[in-house]
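# Topology and contacts: notes
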Amino acid sequence: MTNIPQVHCKRKSLRTFHYLIILCWICLGCEFPKSNITNSDLNQAWQASLRDGKPIFIDFYTDWCRPCKVMDREVYSQQEIGDYLSDNYHAVKFNPEQIQEVEAFGETFALDDGLGVNTFIYFATQNQFRGYPTAVILSSQGDLLWFHTGNLSKGELLLALKSYN
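My aim in this report is to walk through the structure given alongside it, one point at a time. (Residues numbered from 1 in each chain as written. Predicted model: local features only at pLDDT ≥ 70, side-chain atom pairs only at ≥ 80, totals over all residues. Heavy atoms only, no water.)

## Structural notes on the sheet that holds strand E4 (residues 107–112)
Strand order in the open sheet made by the three strands is E3-E4-E5, with antiparallel pairing throughout. Only two strands of the sheet have a single partner each, and these edge strands are strand E3 (101–104) and strand E5 (117–118). Bridge analysis of E3 against E4 gives four bridges, and the strand direction is antiparallel. Each bridged residue has a counterpart across the sheet, and for Glu-101 the counterpart in E4 is Ala-110. (Pairing = 2+ DSSP bridges. Helix = DSSP H or I, 4+ residues; strand = E, 2+ residues; numbered from the N terminus.)

## Thoughts on the pairing of strand E6 (residues 134–138)
Among the five residues of E6, five are classified as buried, and the element is accordingly described as predominantly covered. The side-chain alternation of E6 yields two buried faces, one formed by Thr-134, Val-136 and Leu-138 and the other by Ala-135 and Ile-137. Here strand E1 (residues 56–60) pairs with E6 via five bridges, running antiparallel. In the strand pairing of E6, Ile-56 is matched with Leu-138. The pairing of E6 with strand E7 (residues 144–149) spans five bridges and is antiparallel. Within the sheet, the bridge partner assigned to Ala-135 lies in E7 and is His-148. What sits between the antiparallel neighbours E6 and E7 is a turn of five residues, in which Gly-142 has the positive phi angle 95°. (Buried < 20%, exposed > 50% of the residue type's maximum accessible area, 1.4 Å probe, protein only.)

## Description of the packing of helix H4 (residues 79–88) against helix H6 (residues 154–163)
Put simply, H4 and H6 touch, their axes get as near as 11 Å, and they point 15° apart. Classified by the interaxial angle, the pair formed by H4 and H6 is roughly parallel. For the element pair H4 and H6, the recorded crossing hand is left-handed. The segment H4 lies against H6, with Glu-80, Ile-81, Tyr-84 and Leu-85 engaging Lys-154, Leu-157, Leu-158, Leu-161 and Lys-162. Along the lines of polarity and charge, the residues of the contact of H4 with H6 split into six nonpolar, no polar and three charged. (Axes fitted to C-alpha atoms, helices over the stretch in contact; angles between N-to-C directions. Parallel < 35°, antiparallel > 145°, perpendicular 65-115°, else oblique. Left-handed = near helix turned anticlockwise from the far one by under 90°. Contact = heavy atoms within 4.5 Å. Nonpolar A, V, L, I, M, F, W, Y, C, P; charged D, E, K, R; others polar.)

## Topic: the side chain of Asp-72
Turning to its location among the elements, Asp-72 is positioned in helix H3 (residues 66–76). Engagement of the side chain of Asp-72 in a polar contact is seen with the side chain of Lys-93, the distance being 2.9 Å. (Polar contact = N/O pair within 3.5 Å; in protein donor to acceptor, adjacent residues only side chain to side chain.)

## Digging into the packing of aromatic side chains
In this structure the tally under the stated criterion is 13 aromatic pairs. When the ring of Phe-60 is compared with that of Phe-120, the centres are 5.9 Å apart and the planes differ by 45°; the resulting orientation is tilted. Within this pair, whereas Phe-60 is found in strand E1, its partner Phe-120 is found in helix H5 (residues 120–124), the two being separated by 60 residues in sequence. Taking the centre distance of 5.9 Å and the plane angle of 90° together, the rings of Tyr-122 and Phe-129 count as edge-to-face. Put simply, the rings of Trp-46, Phe-60, Phe-94, Phe-105, Phe-109, Phe-120 and Phe-123 touch in pairs and so form one group of aromatic residues. If you follow Lys-93 out to its NZ or CZ, it ends over the ring of Tyr-61, 4.5 Å from the centre. (Phe/Tyr/Trp six-rings, centres within 6.5 Å; stacked < 30°, edge-to-face > 60°. Lys NZ or Arg CZ within 6 Å of the ring centre and 35° of its normal.)

Rendered as structure tokens:
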């Protein structure tokens, strides 16, 4: 009889490897719900608002803002919010730190290098901007109808949306 060396795999390391593979598979397959606000063209929303009179809803956000991501995941991704916005508003997502220049409401708004944001955010909030996330509702003439800084629940947002359309 010859002795053939047997190679043994440690069960723990193999089990850990399987768990890691499963975890990666789950993470890659799962997507967080995304915002129903897909329009990023403020000028287009404004022109449409002039034609049909619907107000403009704007979500001011930044890529680094965790509360903004919570709003996308927990509020703006809700079907009821998306349906209400698309039926009654021209909804726009606006990142004032990335948009260099935008024309709307008969004006051109540009990135202020000193502040690091597009000056439209100050126009839209009537110089009351305090942080992110900020949501505003504007008339087709650019009048501020409502604004809120910070997170909102689905119910709070729906109440505001129903009050101003």
